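# Observations on chain architecture
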Amino acid sequence: MTPKGRVFSGARPTGRQHLGNYLGAIQNYVALQDEYECIYCIVDLHALTTLESTEDLRQNSVEMALDWLAAGIRPEETIMFIQSQVPEVTELHTILSMVTPLGKLTDLPTFKEKVRQQPHNVNYGLVGYPVLMTADIVLYKANLVPVGVDQAPHLEFAREVVRSFNYRFKTNVLIEPEMISTEYPKVIGIDGVQKMSKSLNNHIELAATPAETRQKVMQMVTDPQRKRRSDPGRPEVCNVFSFHKVFSTPQQVQEIDRECRIAGIGCVDCKKILVENLNRHLEPFRHRRAELSRDPQFVLDVLQNGKERAALIARQTMAEVRDAVGLP
Ligand code: TRP
């Protein structure tokens, strides 16, 4: 197979992955391997911009890597590595910062959002976050970047930085990346309101046991207007129903849709069906993850190998960049 291009994506090490990570990113990462040369990076340096404590950082990277592998990332082809292990990215970040107007960074909606979220910690790294992300992508000469719509401004920013760099130094060593947009519906957490996320503790881990999964699903908020079993429900506003659409058969979805509206089925029974389907769907993943965890050295070896392959590309790019800039 001749790959159609090189894909790069990064995700912050948040530890064990949840259904939102899976449906929003991991599933797509796995599929892209069939057509592209893929590089998937655990961006621990980016994580430092918001972390209060780094105690779990290493462990979270390893847990995330295990989930990626169990979900179907193939380390023989795909490069999977930890960002900070190839330090060339920080050098490129510094060089790219010289062709980046400060105002562009502070105008980004993602930056403003962080300032709102952590007014007590508006650090320099936070401002440079998109520059570091640009460095990730161009260091590995990726032409395609799969990210959600929330990251679209960062990708547009990266393209501008590449153009500025190439223009300023009269070169074409940096490749302008394109976005592969992933139009997945936002996965809502068990609170039924906010995006599923570990920090909000409204998530369901992929590696949870069937019993834990059941417990989480039974806690899920359904149609808030349906207070009694005899009230008719509205599947279109029910978060449990949106999961049925992903994990249940078309016939089940149809039946639940019909029966919910006439109060033929209650929320408890509806959730029980989801629990069963979800656990069945996740069983191969969990089995594989348990197998992979039996040899703790395996994932470390994968990350080490990924680091070595990534470093080869990084060193090559940096030699070209230094040459273009005129650094000795
Ligand atoms: N900024 C991305 C996020 O917050 C993570 C990221 C870092 C990334 N470097 C990247 C994504 C390079 C794609 C490509 O989700």
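None of these values were measured; they are calculated from a predicted model.

## Quick notes on the overall build of the protein chain
- Scanning the protein chain for helices and strands turns up 13 helices and five strands.
- Computed over C-alpha atoms, the radius of gyration of the protein chain comes to 22 Å, within 12% of the 20 Å expected from 2.2 N^0.38 for 328 residues, which places it in the range of a compact globule.
- Overall size of the protein chain, expressed as C-alpha extent along the three principal axes, is 75 × 45 × 40 Å.
- Considering the protein chain as a whole, with its 328 residues, one finds that 48% of them fall into the buried category.
- Carbon and sulfur atoms form 53% of the exposed surface of the protein chain, whose accessible area is close to 16500 Å².
- For the protein chain, the separation between the mean place of its 39 positive charges and that of its 40 negative charges on side chains is 4 Å.

## Comments concerning the site of the ligand
- Of all residues adjacent to the ligand, which total 13 residues, the nearest are G10, Y129, M133, D136 and Q151.
- Y129 is positioned with one of its side-chain polar atoms (N or O) 2.7 Å from an oxygen atom of the ligand.
- The side chain of Q151 places a nitrogen or oxygen atom 3.0 Å from a nitrogen atom of the ligand.
- Notes on the ligand: free accessible area 370 Å², of which the protein chains cover 90%.
- Put simply, the parts of the chain that give the shell around the ligand at least two residues each are β1 (6-11), α7 (124-139) and β4 (144-147).
- For the shell around the ligand, the leading source of residues is α7, giving four residues.

## A look at the packing of helix α10 (residues 239-247) against helix α11 (residues 250-261)
- Where α10 meets α11, the closest approach of the two axes is 8 Å, and the angle between their N-to-C directions is 160°. Taken together, the axis directions place α10 and α11 in an arrangement best described as roughly antiparallel. Relative to α11, α10 is oriented so that their crossing is left-handed. In this structure, α10 uses F241, H244 and K245 to contact α11, whose residues at the interface are V253, I256 and D257.

## Describing the domain arrangement of the protein chain
- By the assigned domains, the protein chain splits into domain 1 (6-187 + 296-325) and domain 2 (210-290).
- One C-alpha centre belongs to domain 1, the other to domain 2; they are set 35 Å apart.
- At the boundary of domain 1 with domain 2, total buried surface from both sides reaches about 850 Å², with 68% on carbon and sulfur atoms.
- Counting the surface domain 1 buries against domain 2, the share from its top three residues, L19, L23 and A70, is 51%.
- At the surface where domain 1 touches domain 2, the tally comes to two salt bridges.
- When the shortest N-O distance is used, the salt bridge between E63 and R289 registers 2.7 Å.
- Connecting domain 1 to domain 2 are two residue pairs in polar contact (both at pLDDT 80 or more).
- Of all the elements, helix α3 (residues 57-71) adds the most residues to the side of domain 1 that touches domain 2, at six residues.

## Re the nonpolar core
- By size, the foremost hydrophobic cluster in this structure holds 52 residues, and its most contacted members are L19, Y40, W68, M80 and F243.
- Two domains each put at least three residues into this core: domain 1 (6-187 + 296-325) and domain 2 (210-290).
- Not counting the four nearest positions on each side in its chain, Y40 is found in contact with V7, S9, Y29, L32, W68, I73, T78, I79, M80 and F81.
- In terms of nonpolar packing, the next biggest core, distinct from the first, is built from 42 residues, I79, V161, F169 and A314 among them.

Quick notes on the rules
- Residues numbered from 1 in each chain as written.
- Predicted model: local features only at pLDDT ≥ 70, side-chain atom pairs only at ≥ 80, totals over all residues.
- Heavy atoms only, no water.
- Helix = DSSP H or I, 4+ residues; strand = E, 2+ residues; numbered from the N terminus.
- Rg over C-alpha atoms; globule rule 2.2 N^0.38 Å.
- Buried < 20%, exposed > 50% of the residue type's maximum accessible area, 1.4 Å probe, protein only.
- Areas by Shrake-Rupley, 256 points an atom, 1.4 Å probe, with all protein chains shown as cover.
- Lys, Arg positive; Asp, Glu negative; His and termini not counted.
- Charge placed at Lys NZ, Arg CZ, Asp CG, Glu CD.
- Near = heavy atom within 4 Å.
- Polar contact = N/O pair within 3.5 Å; in protein donor to acceptor, adjacent residues only side chain to side chain.
- Axes fitted to C-alpha atoms, helices over the stretch in contact; angles between N-to-C directions.
- Parallel < 35°, antiparallel > 145°, perpendicular 65-115°, else oblique.
- Left-handed = near helix turned anticlockwise from the far one by under 90°.
- Contact = heavy atoms within 4.5 Å.
- Domains from an automatic or database assignment.
- Buried area = accessible area lost by both parts, 1.4 Å probe.
- Salt bridge = Lys/Arg side-chain N within 4 Å of Asp/Glu carboxyl O.
- Core = buried A, V, L, I, M, F, W, Y, C linked by side-chain atoms within 4.5 Å.

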